Structure formats: structure tokens, C-alpha cells
Amino acid sequence: MKLQSLATVIDSHTGGEPTRVVVDGGPELGNGPMADQLKRFQTDHDGFRRAIMLEPRGSDVLVGAILRPPNDPAHTAGVLFFNNVGYLGMCGHGTMGVMVTLAHLGRIEPGVHRLETSVGLVTAELHPDGSVSVTNVPSHRHATGVRVVCDDGTTVTGDVAWGGNWFFLVSDHGRSLDLRDVDALTHWTWEIRRAINAQGFPLVDHVELFGAPPQGDADSRNFVLCPGKAYDRSPCGTGTSAKLACLAADGKLAPQEPWIQESILGSRFVGRYRWIDATRGIIEPTVTGTAFITGESRLWRDPSDPFGGGIPVGGA
């Protein structure tokens, strides 16, 4: 039986976290704002997301992006982000992956580029050394000192913040943030997510724990639970943005002062911010990291393959 072409993709990783960028093929999403195109993607073409993100072609940890023509010709591209269970407003590590992908394709040179996303315009600068600085959407802390009681009786207190996605950020938790403990950390943060959703914050889909870094030249180490129950291998760009908003609100970090955020793997992002509206606690965060191309491939589907549309996971 003749194979059907799904898409041409370029894979990369940012601090260990993979990104799969669709550079050719994919569904017809029409024109208009990226938020509208994302709705059409979700409503009419979710089978494409499942086919390229789920096993046997994808994995739980993979984040996808599809390049779209920008609505403003002065902008470099539009981009929509998604994962194994749904769609993302923004993705910091994914934006870095998109930038190195565009450079790999010869579509951009080092310099400042503007990307249209479903949650707003993002500016990304490709530096001559290959690193990328992402100036994210406006970020803010929504609630502070939120107390959550999990099913097992565990109580944690943290902040709810927006950094392009919704986060529950917890610093006082008493857990070791060590790579050997990721299974236990994943299970526990999944319970925290269920609890924070049930206690009045249903939009929170990321949980972020913070702790002291093993080396003294970073400011913090984090563990980030992503919506599909995988942990973020990178320090998380939108999570770092949310953290910067909380630090700014508490007066613990000055504008343009660097914050070195380390992931559970030890990879690092450097974050800075400027105030947009100090009265309302709204900042413009910038996060810098490095992404690396890992592969380029054509994805196919055999109509007779019973798993050609992806192997479902919980909630997918």
C-alpha cells in the first residue's frame, strides 16, 4: 500500500529538552491571528498533532512546533506549539529550537527576529555564537501564598504565575531536586497539579519546584512538570519567565539583573526582565539559552498501520 507523507520535520534540543519543528506539510490552517489558527488546528486537525507527537513517532517529552506564514510581513514567522496531550500558548525552549531550525534552513541570520504566537508577539535574537535570547510575552504573578493540600495530606504553599503558560511555583517543599529522584518528583508534582486545579486554579498546567543548585555559580535549580506528565529537561523558558515575575514582585531581583536558572539536568538559562507596569507587577522577561539540531526527517503514514495515528496516552 502506498505510504502517505505526513510532514518534513527538524528535531533539536534545548538544554536537553527536544523540539520537533514541522517545516513542510501539515494541515491547512488558513490565515488570521495565530490564536485563531490554533483553534482551527485543535478543532479540525488534532489527528495530525497526535500522529507526529505520540509514539511510535514521538514521545511524551517531545514538544512540537509548526511554522506558519506571519500575518505581518515585517515579522519572521508565525509558530504554533503543541505536545503529547494538547497545545501550548508559548514555549521558551521551543522558540530557541525554532530559531536554530530557521538558521539551519538558511532562512535567518544572526540578529533580532519577531515571531507571532497564539499568545502574542515574541522577539528572539539569534546571537553569533548560536545562543538565542527570547523576549517573552508580558508575564506576571497572579496569586501569592496559595496553600494546597494534596490527597496524601501533603501541604505546600506557592505562587500562581503566567509566563506564556500557567505555573504553580513552589520553593518551600523539602524535596531533593536530583535527577535520581525524577520518578518520585513527577508523581508528587502531578498530585500537586491536581490539587491546585481543584482548589480554584484550573488553568494551571505546569508545576515548578525550586531549590538550591549543586554549584554556587547558579541562582536556582528547578524541576518542572509539563502538562503531559513528562518533566522538562531544560530550565523551562516560560517557567523561568514566571519565576522572574515572582522575584520582581517580591523585590528580590532588580531589572536587568541576571538570574541563572538551572534545570534538573544541570543545563542553564539566563533570565532578565524589565518592568512594563510595576504597579500591576507586569514584566517583560528575556531568557537566553542554546539549542542544537539533532536530526531532519520525513514522516510517513501507512494507511494499514493500526498505530499510524499515534498510541494514545492519558488525556491525549
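It should be noted that the structure appears before, not after, this text.
Keep in mind that what you see is a predicted model, and the values were worked out from it rather than measured. (Residues numbered from 1 in each chain as written. Predicted model: local features only at pLDDT ≥ 70, side-chain atom pairs only at ≥ 80, totals over all residues. Heavy atoms only, no water.)

### Re the overall build of the protein chain
Heads up, the condition is: Strands here are runs of E lasting at least two residues and helices are runs of H or I lasting at least four, both read from the DSSP assignment and numbered beginning at the N terminus. The criterion used for residue contact is that any of the two residues' heavy atoms lie within 4.5 Å. The Shrake-Rupley method, run with a 1.4 Å probe, gives the accessible areas here. Residue values count only the displayed protein chains as cover. Neither His nor the chain ends contribute to the count of charged residues, in which Lys and Arg are positive and Asp and Glu negative. Where a charge lies is defined by one atom per residue type: Lys uses NZ, Arg uses CZ, Asp uses CG and Glu uses CD.
The secondary structure content of the protein chain amounts to 5 helices and 16 strands. Oriented by its inertia axes, the alpha-carbon framework of the protein chain measures out at about 60 × 45 × 35 Å. In the protein chain, of all internal contacts separated by at least 6 residues, the share reaching a separation of at least 24 is 63%. Taken as a whole, the protein chain presents about 13,300 Å² of accessible surface, with 50% of it coming from carbon and sulfur. Here the protein chain contributes 27 positively and 35 negatively charged side chains, and the mean placements of these two sets differ by 3 Å.

### A short note on the pairing of strand β1 (residues 4-14)
Every regular strand shows the same layout, with side chains that alternate between the two sheet faces. Test applied: The cut-offs for exposure are 20% and 50% of the maximum accessible area for each residue type, with area from a 1.4 Å probe on protein chains only; residues under the lower value are buried, those over the upper are exposed, and the others partly exposed. The pairing criterion is simple: DSSP has to find at least two bridges between the two strands.
Along β1, 8 of the 11 residues are buried, which leaves the element largely enclosed by surrounding structure. As defined by bridge partners, β1 adjoins strand β16 (residues 282-301) across 10 bridges and the pair is classed as antiparallel. The residue bridging H13 from the neighbouring strand is F292, located in β16. Sheet topology note: the β1/strand β2 (residues 17-25) ladder contains 8 bridges and is antiparallel. Pairing of I10 across the sheet is with V21, part of β2. Here β1 folds back onto β2, and the loop between the two strands holds 2 residues, one of which, G15, carries a positive phi near 60 degrees.

### Some thoughts on the packing of aromatic side chains
Any pair of aromatic rings gets described here by the distance separating the centres and the angle formed by the planes. What counts here: For this analysis, a ring pair means two rings from Phe, Tyr or Trp (six-membered ring only for Trp) whose centres lie within 6.5 Å, classed as stacked if their planes differ by under 30 degrees, edge-to-face if by over 60, and tilted for the remaining angles.
Using the criterion set out here, one finds 7 aromatic pairs in the structure. Note on W162 and W166: the rings are 5.4 Å apart at their centroids and 55 degrees apart in plane angle, and the pair reads as tilted. When the ring of F223 is compared with that of Y231, the centres are 6.0 Å apart and the planes differ by 25 degrees; the resulting orientation is stacked. Residue class for F223 comes out buried when judged on its relative accessible area of 1%.

### Description of the nonpolar core
The following threshold applies: Definition of nonpolar core: a set of buried residues of the types Ala, Val, Leu, Ile, Met, Phe, Trp, Tyr and Cys, connected through side-chain atoms within 4.5 Å.
Of all hydrophobic cores here, the largest spans 54 residues; its most connected members are V98, V160, F168 and F223. Ranked by the residues each element gives to this core, the list is headed by helix α4 (residues 182-198), at 7 residues. Counting residues in each nonpolar core, the second largest holds 18 residues, with F48, M53, I66 and L299 among its members.

### Topic: α4
Rules: Under the convention used throughout, the expected extent of a helix is 1.5 Å for every residue step, that is, one less than its residue count.
Across its 17 residues, α4 extends 24 Å between first and last C-alpha, which sits within 8% of the 24 Å expected from 1.5 Å per residue. All of the buried residues along α4 are V182, L185, T186, W188, T189, W190, E191, I192, R193, A195 and I196. The secondary structure elements touched by the buried residues of α4 are β9 (139-149), β10 (155-162), β11 (166-170), β12 (206-211) and β13 (220-225). G200, located one to two residues past α4, shows a positive phi value of around 105 degrees.

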